[in-house]
Amino acid sequence: MFAKRQPAFAGPQPSPAQGKGVRALVEFARRPAVAAVGAGVVFLATAAALILVLGDPHAGSPDVRVALNRPKAQDPNVAPGAGMQAFTVDSLGMYQDLTAPGFDPNNQPPIQGAATITFPDGGGSTGVVPGAGNAPTAQPPLRHFAADPLPAAPMAGLAQQSPLGPLPIVASNGASAFSAYARPFKSNGQPKVALIVGGLGLNPASTKTAIERLPPEVTLSFVPYAQGLQGWIDLARANGHEVMIEIPMEPADYPDNDPGPYTLLSTASPQDTARRLDWLLSRATGYFAVTNYLGGKFVTSDQGMGAFLGELKARGVGFIDDGSARRRGGGYARGSADAVIDDQLSAEAIAGQLSNLEQTARVKGQALGSGFAYPVTVEVAARWIDGLKARGLQLAPASAIAHR
């Protein structure tokens, strides 16, 4: 018999007991989970070695760290200080993904986040919100007004179906979108002021805040391109607000500044203007009027404005502009804002514009302001409105300022 020859390059052979241990270790290493972990360890070790040799590949990139702090609860035993008035706005959910499928504006969680808006005190400074008083307020909750809903839209006889969607019409009994969807108003004989807050529908947080924070007499205007537009309009009307649709119009710097694919153009034919307007009007129902979005160039066009106002008149829809089309008459019902209150985006400037609006109302008997749904605009306007009655003025919907 021949003995098994050990190769010359082999080392000392393990004992039988040692052989069993080696084989067990090999079998353990062959298990899938153990192999995966081992591969990961090898990869990390290799990467660490490369970084030591070559350096960090992201060493030249910016390093951004954001501190996220949970807001502290207000201590009820600590009295608020005097002087500067500061409070937070529960509204900042800016730059959200507005294209998420299944978004329901009526079923959203409470709005989170805070922006601090500081008002100057009365120590020789101008721009204090009228009627705000000297007592500061801290973190006021969203103000929920008593239920005062407007009827659900569409109402019978006020819409016709088209390939684009529902379009407003004048009913056989003479009823119109303007008369049916406007908020009812009864004057008490005092000077009246109205306010339009626009740009709504694109940002869920700011839209919901404006609907809930502002009283029902404030008119709200919505962007026609907004997703879930009908749901937002239904929610606004359920909270008592009359609503308008914003019509994008050609600005002076078009096409560098392009308001969208259905912008009304000054050079378009009357047929094209009507076609684009029909698409915009068919996005939803329940609005009593429309307003302009931009339009510095379009409102100078006799042909364009003629076609635009003629189409609105035929459909029983009013037109209330931001002041840029004040010299343009005609249409079913007309109104023009006396001031854009937030051209300068600061609490002082907005408060000053609202004070001027009051003076206009006292002189003319009525005044209309318009603004955008910025958090600071909504909060300053809400505080200003709180003191209107005490100052001898009546808050009115924008439809009460418009005239036939």
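Placed above this text is the structure.
Residues numbered from 1 in each chain as written. Predicted model: local features only at pLDDT ≥ 70, side-chain atom pairs only at ≥ 80, totals over all residues. Heavy atoms only, no water.

Moving on, we get to helix α6 (residues 270–281). For α6, spanning 12 residues, the distance from its first C-alpha to its last is 16 Å, which sits close to the expected 16 Å at 1.5 Å a residue. The element α6 is extensively covered by neighbouring structure, given that nine of its 12 residues are classed as buried. Where α6 is concerned, the buried positions are Asp272, Thr273, Ala274, Arg276, Leu277, Asp278, Trp279, Leu280 and Leu281. Lining the buried residues of α6 we find β4 (166–168), β7 (243–249), β8 (289–294) and α7 (302–315). (Helix = DSSP H or I, 4+ residues; strand = E, 2+ residues; numbered from the N terminus. Expected span 1.5 Å × (residues − 1). Buried < 20%, exposed > 50% of the residue type's maximum accessible area, 1.4 Å probe, protein only. Contact = heavy atoms within 4.5 Å.)

A pair of packed helices can be characterised by two numbers: the angle between their axes and the separation between those axes. Contact geometry for helix α4 (residues 204–213) and helix α9 (residues 375–386): axes closest at 10 Å, N-to-C directions at 5 degrees. Here α4 lies roughly parallel to α9, going by the angle between them. Side by side, α4 and α9 meet where Thr209, Ala210 and Arg213 of the first sit next to Val378, Glu379 and Ala382 of the second. Partitioning the contact of α4 with α9 into residue classes produces three nonpolar, one polar and two charged. (Axes fitted to C-alpha atoms, helices over the stretch in contact; angles between N-to-C directions. Parallel < 35°, antiparallel > 145°, perpendicular 65-115°, else oblique. Nonpolar A, V, L, I, M, F, W, Y, C, P; charged D, E, K, R; others polar.)

With that settled, consider the nonpolar core. In terms of nonpolar packing, the biggest core is built from 78 residues, with Leu214, Leu220, Phe222, Ile247, Val290, Phe308 and Phe319 touching the most fellow members. Looking at this core element by element, the count peaks at seven residues for α9. (Core = buried A, V, L, I, M, F, W, Y, C linked by side-chain atoms within 4.5 Å.)

A few words on the environment of Gly306. Relative to the helices and strands, Gly306 resides in helix α7. In sequence terms Gly306 and Thr273 are 33 residues apart; their C-alpha atoms lie 9.8 Å from each other.

Here we come to a nonpolar patch on the surface. A cluster of nonpolar residues, Leu345, Phe372 and Tyr374, forms a patch on the protein surface that exposes about 260 Å² of accessible area. Looking at the element boundaries, Leu345 is found in the loop between β11 (339–340) and α8 (347–364). (Patch = residues over 30% accessible without salt bridge, like charges linked within 9 Å, V, L, I, M, F, W, Y side chains within 5 Å. Areas by Shrake-Rupley, 256 points an atom, 1.4 Å probe, with all protein chains shown as cover. Salt bridge = Lys/Arg side-chain N within 4 Å of Asp/Glu carboxyl O.)

Our focus in this paragraph is unusual backbone geometry. A negative phi holds for most residues other than glycine; trans holds for most peptide bonds. Omega for the peptide link from Ala153 to Pro154 comes to 0 degrees, which places this bond in the cis form. Of note, Pro154 is situated in the loop between β2 (115–119) and β3 (159–161). Of note in this structure, Leu294 is not a glycine but carries a positive phi near 60 degrees. By the secondary structure assignment, Leu294 is in strand β8.

This part is about the packing of α6 against α7. The contact between α6 and α7 brings their axes to 9 Å, and the two run at 45 degrees. Here α7 runs oblique to α6, going by the angle between their axes. Crossing angle aside, the handedness with which α6 passes α7 is right-handed. In this structure, α6 uses Pro270, Thr273, Ala274, Leu277, Asp278 and Leu281 to contact α7, whose residues at the interface are Gln303, Gly304, Ala307, Phe308, Glu311, Leu312 and Arg315. Taken together, the residues of the contact of α6 with α7 break down into seven nonpolar, three polar and three charged. (Left-handed = near helix turned anticlockwise from the far one by under 90°.)

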